[in-house]
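# Architecture at a glance
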Amino acid sequence: MNKRIIILTIFIIMGMIIVPTVYKIYDQNGKDKIKVVEKEFLYQANRCYNKGDCNKTIYLKDLYEKKYLEDKLINPITKKYYEDNSYIKIDTLEIKLIS
């Protein structure tokens with residue numbers, strides 16, 4: 001009987017450690033993937049603005065039309081395309097990606 005209680009306690013403790021750790025890793029991975037997409041959007045928007053092709057508020061549609069982005073940006077978590085009215089404000093670095 002004591003042996004069962006000890007084994008059960010070990011499994012409960014391991015579960016209390018493993019489950020939150022896996023969730024935290026999964027959650028951080030999703031956030032990192034979104035950061036990569038945002039950085040690509042910011043980089044291309046800066047290129048467009050510095051060349052004088054775009055205003056201070058740059059829409060995703062503008063980057064597609066002016067060939068700064070060849071492929072459509074995808075939300076890495078939901079796997080849906082971001083809408084063309086997603087924008088970035090160069091002066092405040094406000095990024096609004098709408099999926």
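The structure contained in this document is the topic of the report that follows.

What counts and what doesn't
- Residues numbered from 1 in each chain as written.
- Predicted model: local features only at pLDDT ≥ 70, side-chain atom pairs only at ≥ 80, totals over all residues.
- Heavy atoms only, no water.
- Helix = DSSP H or I, 4+ residues; strand = E, 2+ residues; numbered from the N terminus.
- Rg over C-alpha atoms; globule rule 2.2 N^0.38 Å.
- Buried < 20%, exposed > 50% of the residue type's maximum accessible area, 1.4 Å probe, protein only.
- Contact = heavy atoms within 4.5 Å.
- Areas by Shrake-Rupley, 256 points an atom, 1.4 Å probe, with all protein chains shown as cover.
- Lys, Arg positive; Asp, Glu negative; His and termini not counted.
- Charge placed at Lys NZ, Arg CZ, Asp CG, Glu CD.
- Pairing = 2+ DSSP bridges.
- Axes fitted to C-alpha atoms, helices over the stretch in contact; angles between N-to-C directions.
- Polar contact = N/O pair within 3.5 Å; in protein donor to acceptor, adjacent residues only side chain to side chain.
- Patch = residues over 30% accessible without salt bridge, like charges linked within 9 Å, V, L, I, M, F, W, Y side chains within 5 Å.
- Salt bridge = Lys/Arg side-chain N within 4 Å of Asp/Glu carboxyl O.

## Here we look at the overall build of the chain
A tally of helices and strands in the chain yields two helices and three strands. What you see for the chain is a C-alpha radius of gyration of 22 Å, clearly larger than the 13 Å of a compact globule of 99 residues, by over 25%. Per-residue burial over the chain gives 23% buried out of 99 residues. Across the chain, contacts joining residues at least 24 apart in sequence account for 45% of those joining residues at least 6 apart. Here the chain displays about 7,700 Å² of accessible surface, and carbon together with sulfur accounts for 59% of that area. Across the chain, the mean location of the 18 positive side-chain charges is 9 Å away from that of the 13 negative side-chain charges.

## Side note on the sheet that holds strand β1 (residues 57–59)
The three strands are arranged β1-β2-β3 in an open sheet whose pairing can be described as antiparallel. Across the chains shown, the open sheet's two edge strands, defined by having one partner strand only, are β1 and β3 (94–96). Mean inter-strand twist for the sheet, computed between neighbouring axes without regard to direction, equals 10°. Direction of pairing for strand β2 (residues 87–89) relative to β3: antiparallel, over a ladder of three bridges. The partner of K89 across the bridge, within β3, is E94. Running over the sheet, helix α1 (residues 2–50) touches β1, β2 and β3 and is turned about 65° from β2.

## Observations concerning the side chain of S86
Of note, S86 is situated in the loop between α2 (60–65) and β2. Judged by relative accessible area, which is 0%, S86 ranks as buried. A polar contact is formed between the side chain of S86 and the backbone oxygen of E83, at a distance of 2.9 Å.

## Focus: the environment of S86
Residues S86 and L97, spaced eleven residues apart in sequence, show a C-alpha to C-alpha distance of 4.8 Å. Aside from chain neighbours lying at most four places away, what touches S86 is F41, I58, Y59, L60, K96, L97 and I98. Here the side chain of S86 touches I98 through a polar contact of 2.8 Å, landing on its backbone nitrogen.

## A closer look at unusual backbone geometry
We note that K67 has phi near 65°; this positive angle belongs to a residue other than glycine. The exposure class assigned to K67 is exposed, which follows from its relative accessible area of 58%. Residue L93 is not a glycine yet carries a positive backbone phi of 60°. Checked against the element boundaries, L93 lands in the loop between β2 and β3.

## Re a nonpolar patch on the surface
A cluster of nonpolar residues, I6, I7, I10, F11, I13, M14, I17, I18 and V22, forms a patch on the protein surface that exposes about 860 Å² of accessible area. Mapped onto the elements, I7 comes out in helix α1.

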